[in-house]
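# Close look at the chain arrangement
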Amino acid sequence: MSVGRHLLTQDGSYTFYSGTFGESYHTRTGAKTEAFEKFVNTTRIRTVALTGTVALLDVCYGLGYNTAAAVETIWQINPHCQIQLYGLELDPTVPQAATKLKTHSEWPKPIQKLLLDLAWKGSAWSDRLQAELLIGDARATIQSLLARSFQADAIFLDPFSPQRCPQLWTADFFAQVVRCLKPMGTLATYSRSAAVRSALRAVGLHLGTVPVVMTPRPLAHHWSQGTVARWLAEDLIPLSTMELEHLQTRAGIVLRDPTLTGSAEEILARQHQAQQVSSRESTSSWRRRWKIQ
C-alpha cells in the first residue's frame with residue numbers, strides 16, 4: 001500500500017485518500033474535529049485523567065489524530081497523568097507521511113514528539129508516557145495485547161467503512177477487542193452501521209448514540225455521528241426507536257470472520273448470503289417507514 005493524495009478538510013486539518021480502500025481517512029468536515037467529537041469527547045478520559053493513569057487503544061491509528069487529541073486532552077486535565085497507549089496500524093507509511101503535514105506542527109511540542117516517535121521509531125517513552133505502534137493486520141496484532149493482558153480505559157475503533165474493510169467490523173474481531181476493555185471503559189467509533197452496532201451488542205456491550213450537532217437542522221438520514229459502547233449502560237444516550245428498529249432489519253445481520261483470516265470478499269459474501277435467506281424487514285422498507293432518503 002502507499003499513501004494517496006492529501007486533502008484539506010473544512011476545519012483546516014489534512015487527511016489522506018486511500019486508493020486501496022477507495023475512501024479518505026476522515027470526514028471532509030474536519031479530520032481534527034472528528035477526533036475530538038467522535039472519539040475523545042464520547043469517552044470518559046477526562047474523568048479518568050484525574051486518577052493519574054489512563055490506558056488507551058487506538059485501533060487503526062492512521063494519521064494519529066485520535067491519539068494526539070486524546071493525549072492533548074489528558075495532559076490539559078492533568079499534566080502529570082501517566083499514559084499507556086497502543087496503536088494498531090496496517091500501513092506504516094501513513095503515520096510517517098502524516099508527520100510531514102502542516103497540521104502536525106500545530107499540535108503542542110510533546111504531542112509532536114509522540115507522533116514522530118511512533119511513526120518513525122514505533123514507540124515513545126517518557127516519564128509520563130509509554131506508547132507503542134503495532135504494525136500489521138489488527139486481527140493478528142490484537143493478539144499480542146491479549147497476551148499482555150492489556151486493559152484500556154478507552155478504545156478508539158476507526159477502520160475504513162464496513163463495506164471497504166469488513167475484516168475489522170466483525171463480531172469475531174470485536175470479541176477480541178473487547179477483551180482489552182476495562183469494566184468501566186468505553187469503546188467509541190464513528191460508525192452507526194446496524195451491522196456494527198449489532199456486533200457490539202453480540203459481544204456483550206451496551207450501546208449509546210452520538211447525536212448530530214448541526215445547524216441548520218440535519219436531514220432525516222443524519223440521525224447519528226457515531227456509536228459509544230460500554231459494559232454498563234449508565235451515562236449512555238440511548239438509541240432512538242428508529243435506530244433500534246434499524247438493528248432488526250437485514251442491515252443488522254452481523255459480519256462474521258470465524259478464523260480471523262477471511263478476505264473482505266469472503267466476509268461480505270457470507271453476510272449477503274445470510275441476508276438473502278433472512279425473514280427480517282428489508283432496510284429499504286425501514287427507510288421508507290422513517291422517511292429516510
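To start, this report covers the structure provided alongside it. (Residues numbered from 1 in each chain as written. Predicted model: local features only at pLDDT ≥ 70, side-chain atom pairs only at ≥ 80, totals over all residues. Heavy atoms only, no water.)

### Quick notes on the nonpolar core
Membership of the largest hydrophobic core comes to 80 residues, with the highest contact counts inside it found for Leu-56, Leu-57, Ile-74, Leu-145, Ile-155, Phe-173 and Phe-174. With 7 residues, the top contributor of residues to this core is helix H3 (residues 65–77). When residues no more than four places from it in sequence are discounted, the contact partners of Ile-74 are Ile-45, Ala-49, Val-54, Leu-56, Cys-81 and Ile-83. (Core = buried A, V, L, I, M, F, W, Y, C linked by side-chain atoms within 4.5 Å. Buried < 20%, exposed > 50% of the residue type's maximum accessible area, 1.4 Å probe, protein only. Helix = DSSP H or I, 4+ residues; strand = E, 2+ residues; numbered from the N terminus. Contact = heavy atoms within 4.5 Å.)

### Quick notes on empty space enclosed by the protein
Within this structure, the stated rule accounts for 1 cavity of 30 Å³ or more. There is about 100 Å³ of room inside the largest cavity. Taken together, 13 residues form the lining of the largest cavity, with Leu-63, Ala-98, His-104, Trp-107 and Leu-115 sitting closest to its centre. At the level of elements, helix H4 (93–98) and helix H5 (109–120) are the ones that each hand at least two residues to the lining of the largest cavity. Within the lining of the largest cavity, the residues separate by chemical class into 9 nonpolar, 4 polar and no charged. (1 Å grid on protein atoms, 1.4 Å probe; cavity = no way out; pocket = protein on both sides within 12 Å on 5 of 7 lines; lining within 4 Å. Points joined across faces, edges and corners; volume = space filled by probe spheres on them. Nonpolar A, V, L, I, M, F, W, Y, C, P; charged D, E, K, R; others polar.)

### Observations regarding unusual backbone geometry
For Ser-149, which is not a glycine, the phi torsion comes out positive at approximately 55 degrees. For Ser-149, the location among the structural elements is in the loop between helix H6 (138–147) and strand E8 (152–157). Even without being a glycine, Lys-291 presents a positive backbone phi close to 55 degrees. On the secondary structure map, Lys-291 appears in the segment after helix H11 (283–289). For Lys-291, a relative accessible area of 69% corresponds to the exposed category.

### A short note on the sheet that holds strand E10 (residues 206–209)
The 8 strands are arranged E6-E7-E5-E4-E8-E9-E11-E10 in an open sheet whose pairing can be described as mixed. Each end of this open sheet is capped by a strand with a single partner; those strands are strand E6 (123–126) and E10. Mean inter-strand twist for the sheet, computed between neighbouring axes without regard to direction, equals 15 degrees. As paired elements, E8 and strand E9 (residues 181–189) share 5 bridges and run parallel to each other. By the bridge assignment for E9, Phe-156 is matched with Ala-188. Seen against the sheet, H6 touches strand E4 (53–59), strand E5 (82–89) and strand E7 (129–135) and runs at an angle of roughly 150 degrees to E5. (Pairing = 2+ DSSP bridges. Axes fitted to C-alpha atoms, helices over the stretch in contact; angles between N-to-C directions.)

### Side note on the packing of helix H1 (residues 31–40) against H3
At their nearest, the axes of H1 and H3 sit 9 Å apart, and the two run at 65 degrees to each other. Our classification of the angle between H1 and H3 gives roughly perpendicular. At the point where H1 passes H3, the crossing takes the right-handed sense. For the pair formed by H1 and H3, the contact residues are Ala-31, Lys-32, Ala-35, Phe-36, Phe-39 and Val-40 on the first element and Tyr-65, Asn-66, Ala-69, Ala-70, Glu-72 and Thr-73 on the second. Of the residues in the contact of H1 with H3, the class split is 8 nonpolar, 2 polar and 2 charged. (Parallel < 35°, antiparallel > 145°, perpendicular 65-115°, else oblique. Left-handed = near helix turned anticlockwise from the far one by under 90°.)

The values reported here are purely geometric and, on their own, carry no functional implication.
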